[in-house]
Amino acid sequence: MSTARGIVANSTPAQPDQLCVNTIRTLSMDAVQQANSGHPGTPMALAPLVYTIWNRTLRFDPENPIWPNRDRFVLSNGHASMLLWSVLHLTAVQAVNGSYETLGKPSVTLDDIRRFRQLDSKAPGHPEYHWVSGVETTTGPLGQGVATSVGMAIAEKWLAHHFNRPSFEIFDYNIYAVCGDGCLMEGVASEAASLAGHLGLDNLCWVYDNNHITIEGSTRLAFTEDVETRFLGYGWNVLRVGDANDLERIENALDIFRRTKGRPTFIVLDSHIGYGAPHKQDTAAAHGEPLGEEEIRLAKRSYGWPEQEKFFVPKGVYEHFAAGIGQRGAAARRKWLQLFDAYRAKYPDLATEIDLLERRELPVGWDRNLPAFSADPKGLAGREASGKVLNVLAQNIPWFLGGSADLGPSNKTTLTFPGAGDFQADNPGGKNLHFGIREHAMAAIVNGLSLSKLRAFGATFFIFSDYARPAIRLAAVMELPSLFVFTHDAMGDGEDGPTHQPVEHLASLRAIPGLTTLRPGDANEVVEAYRYVMQRRHEPAVLALSRQPLPTLDRSKYAPASGVAQGAYVLADCPGGNPEVIIIASGSEVSLAVEAHEKLLTEGIRSRVVSMPSWDIFEHQPQAYRDSVLPPNVTARVAVEQASTFGWERYVGTSGQVVGMNTFGASAPLKELQRKFGFEPDHVVGAAKQQLRRK
Ligand SMILES: Cc1ncc(C[n+]2csc(CCOP(=O)(O)OP(=O)(O)O)c2C)c(N)n1
Ligand SMILES: [Mg+2]
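Here is what the cut-offs are and how they apply
- Residues numbered from 1 in each chain as written.
- Chains lettered and ligands numbered in written order.
- Predicted model: local features only at pLDDT ≥ 70, side-chain atom pairs only at ≥ 80, totals over all residues.
- Heavy atoms only, no water.
- Pairing = 2+ DSSP bridges.
- Helix = DSSP H or I, 4+ residues; strand = E, 2+ residues; numbered from the N terminus.
- Axes fitted to C-alpha atoms, helices over the stretch in contact; angles between N-to-C directions.
- Donors = N, O, S within 2.8 Å, 3.2 Å for Na, K, Ca; no water.
- Buried < 20%, exposed > 50% of the residue type's maximum accessible area, 1.4 Å probe, protein only.
- Parallel < 35°, antiparallel > 145°, perpendicular 65-115°, else oblique.
- Left-handed = near helix turned anticlockwise from the far one by under 90°.
- Contact = heavy atoms within 4.5 Å.
- Arc of directions from axis to C-beta.
- Polar contact = N/O pair within 3.5 Å; in protein donor to acceptor, adjacent residues only side chain to side chain.
- Phe/Tyr/Trp six-rings, centres within 6.5 Å; stacked < 30°, edge-to-face > 60°.
- pLDDT = per-residue confidence, 0-100.
- Near = heavy atom within 4 Å.
- Areas by Shrake-Rupley, 256 points an atom, 1.4 Å probe, with all protein chains shown as cover.
- Nonpolar A, V, L, I, M, F, W, Y, C, P; charged D, E, K, R; others polar.
- Core = buried A, V, L, I, M, F, W, Y, C linked by side-chain atoms within 4.5 Å.

Topic: the sheet that holds strand E22 (residues 657–661)
Alright, step 1. One open sheet holds the 5 strands; their spatial order is E18-E20-E19-E21-E22, and the pairing between them is mixed. Each having just a single partner strand, strand E18 (569–572) and E22 make up the two edges of the open sheet. Averaged over all adjacent pairs, the angle separating strand axes in this sheet is 25 degrees, with direction ignored.
Alright, step 2. Pairing between strand E21 (residues 637–644) and E22: 4 bridges, direction parallel.

A closer look at the coordination of the magnesium ion (ligand 2)
Alright, step 1. Binding of the magnesium ion (ligand 2) to the protein goes through Asp181 (OD), Asn211 (OD1) and Ile213 (O), at separations of 2.1 to 2.2 Å.
Alright, step 2. Each donor residue of the magnesium ion (ligand 2) belongs to the same chain, with the gaps between them written as D-x29-N-x1-I. Taken together, the positions of Asp181 in helix H6 (residues 181–185) and Asn211 in the loop between strand E5 (204–210) and strand E6 (213–214) put the pair 30 residues apart, joining distant regions of the chain.
Alright, step 3. For Asp181, a relative accessible area of 3% puts it in the buried group.
Alright, step 4. Taking the relative accessible area as the measure of exposure, Asn211 reaches 6% and is therefore buried.

Focus: the packing of helix H13 (residues 382–396) against helix H18 (residues 523–534)
Alright, step 1. Remark: H13 packs on H18, axes separated minimally by 9 Å, with the N-to-C direction vectors making an angle of 40 degrees. Relative to H18, the element H13 lies oblique. Considering the relative orientation of H13 and H18, their crossing is right-handed. Residues Gly382, Ala385, Ser386, Val389, Leu390 and Leu393 of H13 lie in contact with H18, whose contacting residues are Ala523, Val526, Val527, Tyr530 and Met534.

Considerations on helix H8 (residues 227–234)
Alright, step 1. Within the span of H8, buried status applies to Val227, Arg230 and Phe231. Considered in projection along H8, the buried side chains sweep an arc of 90 degrees and stay on one side of the axis. Opposite the buried face of H8, by more than 90 degrees, sit the exposed residues Leu232 and Gly233.
Alright, step 2. Of the surrounding secondary structure, the elements contacted by the buried residues of H8 are H6, helix H7 (187–199), E5, strand E8 (237–241) and strand E9 (265–270).
Alright, step 3. Following H8 by one or two positions, Gly235 has its phi on the positive side, about 95 degrees.

Some thoughts on the side chain of Lys453
Alright, step 1. Looking at the secondary structure, you find Lys453 in the loop between helix H15 (439–451) and strand E13 (455–461).
Alright, step 2. Contacts of Lys453, omitting those with residues within four sequence positions, involve Tyr100, Leu357, Glu358, Arg360 and Trp399.

Points about the side chain of Asp489
Alright, step 1. Relative to the helices and strands, Asp489 is located in the loop between strand E14 (483–487) and helix H17 (505–510).
Alright, step 2. For Asp489, a relative accessible area of 3% translates into the label buried.
Alright, step 3. A polar contact of 2.7 Å, which involves the side chain of Asp489, links it to the side chain of Arg519.
Alright, step 4. Excluding residues within four positions of it along the chain, Asp489 makes contact with Phe462, Pro502, Arg519, Ala544, Leu545 and Ser546.

A closer look at the packing of aromatic side chains
Alright, step 1. Taken as a whole, this structure holds 30 aromatic pairs when the rule is applied.
Alright, step 2. Each ring, one from Trp206 and one from Phe231, has its centre 5.8 Å from the other, and the planes form 65 degrees; the classification is edge-to-face. In this pair, Trp206 sits in strand E5 while Phe231 sits in helix H8, placing the two residues 25 residues apart along the sequence. Assigned by exposure class, Trp206 and Phe231 land together as buried.
Alright, step 3. Between Phe484 and Phe486, the ring centres sit 6.2 Å apart and the planes meet at 15 degrees, which makes this aromatic pair stacked. Across this residue pair, the class does not change: Phe484 and Phe486 are buried.

Let's talk about the confidence of the model for the protein chain
Alright, step 1. Averaged over every residue, the pLDDT of the protein chain is 96; the share at 70 or more is 98%.
Alright, step 2. Confidence drops under a pLDDT of 50 for residues 1–13, and excluding neighbours within four residues, the segment shows 31 contacts in the predicted structure.

Re the site of ligand 1
Alright, step 1. Around ligand 1 lies a shell of 15 residues, among which Thr42, His79, Gly182, Asn211 and His287 are the nearest.
Alright, step 2. A distance of 2.8 Å separates an oxygen atom of ligand 1 from a polar side-chain atom of His79.
Alright, step 3. If ligand 1 stood free it would expose 590 Å²; the protein chains cover 73% of that surface.
Alright, step 4. Contributing elements (two or more residues each) for the shell around ligand 1: H6 and E6.
Alright, step 5. Across the shell around ligand 1, the residue classes tally to 5 nonpolar, 8 polar and 2 charged.

Observations regarding unusual backbone geometry
Alright, step 1. Phi at Tyr100 takes a positive value of approximately 65 degrees, unusual for a residue other than glycine.
Alright, step 2. If you trace the backbone, Tyr100 turns up in the loop between strand E2 (94–96) and strand E3 (102–106).
Alright, step 3. For Tyr100, a relative accessible area of 22% translates into the label partly exposed.
Alright, step 4. Residue Asp120 is not a glycine yet carries a positive backbone phi of 70 degrees.
Alright, step 5. Positionally, Asp120 belongs in the loop between helix H4 (110–114) and helix H5 (144–163).
Alright, step 6. Overall, Asp120 belongs to the exposed group, its relative accessible area being 56%.

What to know about the nonpolar core
Side chains of nonpolar character tend, in soluble globular proteins, to be buried together.
Alright, step 1. If you look at the biggest cluster of nonpolar residues, it comprises 155 residues, and the most contacted ones within it are Leu184, Trp206, Phe266 and Tyr343.
Alright, step 2. By residue number, the principal contributor to this core is H5, which donates 11 residues.
Alright, step 3. Among all residues touching Leu184, those that are not within four sequence positions of it are Cys179, Ala189, Ser190, Trp206, Tyr208, Phe223, Val227, Arg230, Phe231 and Phe266.

Points about the sheet that holds E5
Alright, step 1. Taken together, the 5 strands give an open sheet; going across it, the order is E1-E4-E5-E9-E8, and neighbouring strands pair in parallel fashion. The open sheet has two edge strands with one neighbour each: strand E1 (72–75) and E8. Strand-to-strand twist in this sheet, taken as the mean axis angle between neighbours without regard to direction, amounts to 15 degrees.
Alright, step 2. In terms of strand pairing, E5 meets E9 through 6 bridges, oriented parallel. Counterpart to Cys205 in the pairing with E9 is Thr265.
Alright, step 3. Contacts between helix H9 (residues 247–259) and the sheet are confined to strand E4 (175–179), E5, E8 and E9, with E8 contributing the most and set at about 170 degrees to the helix.

Describing the pairing of strand E19 (residues 581–585)
Alright, step 1. Among the 5 residues of E19, 5 are classified as buried, and the element is accordingly described as predominantly covered.
Alright, step 2. Residues Val581, Ile583 and Ala585 line one face of E19 and the alternating positions Ile582 and Ile584 line the opposite face, and both faces are buried.
Alright, step 3. Summarising the sheet, E19 and strand E20 (residues 607–611) pair through 5 bridges and their orientation is parallel. Across the sheet, Val581 pairs through a bridge with Ser607, a residue of E20.

So, in C-alpha cells, the structure goes:
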C-alpha cells in the first residue's frame with residue numbers, strides 16, 4: 001500500500017516480531033488518543049528498538065523486576081513513556097511493593113494503558129520510579145536519564161569489583177539507555193558522556209533516536225553539530241543503524257556493544273517520528289499531540305492492522321514475549337540464584353552485604369567510632385568535621401562512596417584511609433569518585449548510584465548546588481537516599497564575593513518536598529546530621545557546611561547535639577525554662593545566637609536559643625514537641641541565618657525579626673561582612689530587645 005507520503009506498509013504483519021512491534025505502536029497511538037494528551041510519534045518510531053532490546057537482548061526477568069543482576073533499561077526521552085508502558089505490560093512485568101515483595105499482579109495492566117495519564121493509572125505521563133515497578137529511574141527532564149545511567153554503570157563496575165570472585169560473576173549486568181535529540185542537547189548529557197568515556201564504561205550503551213525532530217520543528221533550527229564525532233571525541237565506540245525498522249541490524253549493533261571492551265557504546269539510530277502516519281510522519285506534529293482518529297486509522301492500515309480495533313493485542317503477542325524475554329530472563333535469574341546460593345556458602349559475609357545493601361540497610365557497627373568533639377571555643381569547620389565523619393562511615397559501610405566535583409580538598413570529602421583509592425577504569429573498586437567540574441552530572445550520577453543501591457554522596461560548594469538542582473529534585477521525586485555535601489555554605493569565603501556566597505539556596509532547597517536539608521551548627525551537630533541522614537532509606541539529604549571554624553559548644557552546659565534528629569531543639573535556655581524571647585539559628589549563626597543569649601541573660605532578659613539545623617525534620621515532629629521548642633505564647637522571636645530571610649516568618653511570625661540576607665553579599669574578609677550585614681552579638685541582642693519592646 002502506498003500513502004500520501006509514500007510510506008510502504010510492513011509486508012508480513014503475521015510475523016510474530018512485527019506483530020509485537022506493531023502492538024507497541026498501536027497501543028501507544030490509542031492511549032495518547034484516548035487521553036487526548038501525550039507523545040505518540042516516538043513510540044511509533046522506536047517500537048522496533050525497544051522490542052529488540054527487550055525481547056532479544058535484555059537479561060531481565062519480568063517475574064522479578066528487582067533481581068540484583070538484571071540489565072537496566074532507561075528511557076531517557078521520558079515523553080515516549082508509552083514505549084515503556086507497552087513493553088512492561090506485554091512482557092507481564094510483575095508489581096513489587098516497598099518491602100521488595102512481588103505482589104502477584106502485573107505492574108501495568110491493559111486497563112492502566114487505557115487510562116494513560118489519568119489519576120492513579122500505572123501508566124502516568126512520564127516514567128516514575130517507585131510508582132511503577134520495572135521503571136529503573138524517573139525521566140522526563142531531558143538528559144537526566146542518560147546522565148543517571150552513567151551512575152548505574154559506575155555502580156555495576158564497583159559492585160562487580162567488590163563482590164565478584166573467581167567463578168562467581170555475581171554482578172555482570174549492562175545498562176541500556178535510549179535518548180533523543182533533546183537529551184543530547186542538554187549539557188548534563190555531555191558532562192556525563194565525557195566522564196563515561198574517560199572511565200571506559202563498557203557496560204553502558206546509549207541508543208540515540210536520530211529523527212531530526214524536536215518540538216519546534218527540524219533540528220536544523222538549533223542542532224546541527226556532528227554528534228557522532230562528538231562521541232568519538234569522548235572516547236565512545238560509535239555505531240550507526242541507518243534504519244530504525246531493521247531488527248537484525250539493531251540486534252547486531254547491540255551484540256557489538258556487548259563484545260566491545262574498554263569503552264561505552266553509542267548507537268545512532270536513524271528513525272522516522274510518527275512512522276506509518278501518512279500526514280504526520282517526520283514532522284513535529286507527531287511529537288506531542290494525539291494523531292487524530294483518521295490519521296490513526298491510516299497508520300494502522302499502513303501496518304496491516306485492523307483499523308477499527310483499539311488497544312488491540314493480537315493472539316500470540318503475549319506468548320511471543322513470554323518465549324523471548326520471559327524464558328531468557330527466568331533462566332538467567334534461576335542460574336544466578338543458584339550461583340548466589342553457592343556464593344553464600346563460600347562467602348557468607350559478602351552475601352550478607354548484598355542482602356543488606358539491596359534492602360538499603362546498614363551493616364552492624366555502621367556508626368562505630370564516629371567522632372565526639374570536646375568543647376573548644378576555636379572549634380572546627382563544618383567541612384572538617386564532615387571529612388572526619390565521612391572517613392569513618394566509608395570504612396564502616398563498605399558500599400558507601402562518593403566524591404566531589406573537583407573540590408575535594410576544599411570540601412574535605414576525600415577518603416584518605418588506606419585502600420580507599422580513586423575510582424578509575426583500572427581501579428573500579430576505588431571509593432573516591434572524581435566527577436570533574438560537572439556538578440549536574442555528578443548529582444544525576446549519585447542518583448544512579450543510589451538507584452543501584454549503593455550509598456553515595458556528591459560534593460561541591462553550596463553556591464554551585466544550583467548547577468545540580470534538577471537532579472537533586474529528581475532524587476526527592478524518586479525518594480532516593482542520595483547525599484549532597486555542600487560546603488562554603490554562607491559568607492565564610494568572604495573575599496570570593498557575591499558569586500560565591502549562597503543566599504537563596506537554603507530557602508530554595510527547603511522548598512523541595514521530601515528533601516532533608518541540614519545546616520549543622522558545630523562539629524557535634526555535623527556528626528548527628530550524618531547519623532540521622534544515614535538511617536534514612538528513602539530520602540535525599542543536603543548538608544550545608546561551613547568553610548570557617550565554628551566553636552564546638554560545651555555540651556555539658558548546653559543541650560546534647562542529638563537534638564539534631566528532631567530538626568530543632570532547645571540548645572540554651574533561661575533558668576526555669578520560661579523564655580520571653582526566642583532566638584532561632586542554624587549553622588554558623590548558632591554560636592552567635594548563644595553569645596547574644598548569654599549577654600541577654602546577664603541583662604536579666606529571659607532568652608532561649610533554638611538550634612534549628614533542619615526545617616524539614618522539625619516539621620515532621622509531633623505538634624507537642626514543636627510547641628515545647630517554640631511555645632506559641634512566646635511571640636518575641638528572632639531568627640539568625642546568613643541566608644535569604646525568605647520563609648522565616650513561618651517560625652518568627654509576621655511580627656518577628658530575621659537577621660538574614662536580602663542582597664548577594666560582598667567581597668571582603670568575613671569579619672567585615674559579619675559587621676556589615678549584622679551578624680554580630682550586639683546586633684542580635686538589639687533585635688531581641690526590639691522584639692520585647694514591641695510587646
Ligand atoms: C529539560 C527539559 N526541557 C524541555 C522539555 C520539554 N520537552 C519535552 S520533549 C521535547 C523535545 C524533545 O525532542 P527529542 O528529544 O528530539 O524528542 P522527539 O520529539 O524526537 O521524540 C521538549 C523540548 C523537557 N521535557 N525537559
Ligand atoms: Mg528528536
